[in-house]
Amino acid sequence: MADSKTRILFATILAPILWGSTYVVFTQTLPVEHPLLVGALRALPAGILLMLLGPGLPPRDKLLPLAIIGFANIGLFFGMLFLSAARLPGGLAATLGSMQPLLVAFLAWPLLLRRPRLGQVLAALAGTAGVGLLVIDDTVKLDAIGVAAALVGAASMATGTVLIERWGKVGTPLALAAWQLTLGGLLLLPVALMVEGLPPAPTMGNLVGLSYLVVIGTALAYWLWVRGIAAIGTGVAFLSLLSPLVATFLGAALLNEWFNAQQWLGIAIIFGSTVAGIMLSRPKPAEAAAPAQAATPKRLISQCNS
């Protein structure tokens, strides 16, 4: 069992690595003036693709919890992610988004009956500081809407991560990834069309960038992510710290730049925080039993309303 979890953990690492390319792909190949629509068009096709691989349509009696997870983890998060990416420098957006492990630690208290440990909180704070050292420079300019979007996005995905562990027994990881992407995309699409309208006719570059985001950066990445949460728990949220690290490496490679001493310190802190955070987030046996009971079919809907 331990060997199986280790393999899943290493496979899950691929998800934030793939997400690290999102900022570059979005800003370089997709219409940044339509961030909400890009989020919807990223999620919905990915969910349909995964459903075609086997899960099929979501069960009607589970639509409420699945819609809540889809809204938190996909619909709201994708919209806020691309909105912050369109209005903020990538480094600042990544630093604000890196607060997700800290938020997960505190949300697990009311939702999973798992009190945050001091070491876990310190690791999360250190991780955010490490990301800041890596990506923030003196030229950063604040944008109130962009900052708010990044913080709301981090809180939204943190909530979705915790809810996957609490309600994730409604289906296999493939099914849960498929259903939350589809429902989240369906919730976001009409809002995007009302707010932003239709984009210009897509270019070949737009289609290539969107195809990469849908198939690789979303369908594959979210299946790996959901499987990691189901097998390991919310501690995988610390792996999200690797996403801005990959994004920074890609940006440096495109600009042919080298890291300075401050950035190397940030990289070391990120790696240390990720390892420590995952180790410290492992639930104790008594804590692990609580969400398992909460996920039973008879309690599922009542929990959604609590």
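Residues numbered from 1 in each chain as written. Predicted model: local features only at pLDDT ≥ 70, side-chain atom pairs only at ≥ 80, totals over all residues. Heavy atoms only, no water.

A. Up close: the overall build of the protein chain. If you tally the helices and strands in the protein chain, you get 15 helices and 0 strands. Across the 306 residues of the protein chain, 50% fall into the buried class. Long-range pairs, those at least 24 residues apart, make up 89% of the contacts in the protein chain between residues at least 6 apart in sequence. For the protein chain, the computed accessible surface area is about 13,900 Å², with 71% contributed by carbon and sulfur atoms. (Helix = DSSP H or I, 4+ residues; strand = E, 2+ residues; numbered from the N terminus. Buried < 20%, exposed > 50% of the residue type's maximum accessible area, 1.4 Å probe, protein only. Contact = heavy atoms within 4.5 Å. Areas by Shrake-Rupley, 256 points an atom, 1.4 Å probe, with all protein chains shown as cover.)

B. Inspection of the side chain of Arg-114 at higher detail. With respect to the helices and strands, Arg-114 occurs in the loop between helix H7 (100-112) and helix H8 (118-135). Judged by its relative accessible area of 5%, Arg-114 falls in the buried class.

C. The arrangement of the packing of aromatic side chains in detail. Taken as a whole and assessed by the stated rule, the structure comprises 8 aromatic pairs. Grouping aromatic residues by their ring pairs yields a cluster made of Trp-19, Phe-26, Phe-77, Phe-78, Phe-82, Tyr-222 and Trp-225. Sitting over the face of the ring of Phe-78, Arg-42 holds its NZ or CZ atom 4.3 Å from the ring centroid. (Phe/Tyr/Trp six-rings, centres within 6.5 Å; stacked < 30°, edge-to-face > 60°. Lys NZ or Arg CZ within 6 Å of the ring centre and 35° of its normal.)

D. Representation of the environment of Gly-47. With respect to the element layout, Gly-47 can be found in helix H4 (residues 35-52). Residue classification places Gly-47 among the buried positions, given a relative accessible area of 0%. The spatial distance from the C-alpha of Gly-47 to the C-alpha of Trp-179 is 6.3 Å, given a sequence separation of 132 residues. Ignoring any residue separated from it by four or fewer positions in sequence, one finds Gly-47 in contact with Ala-178, Leu-181 and Thr-182.

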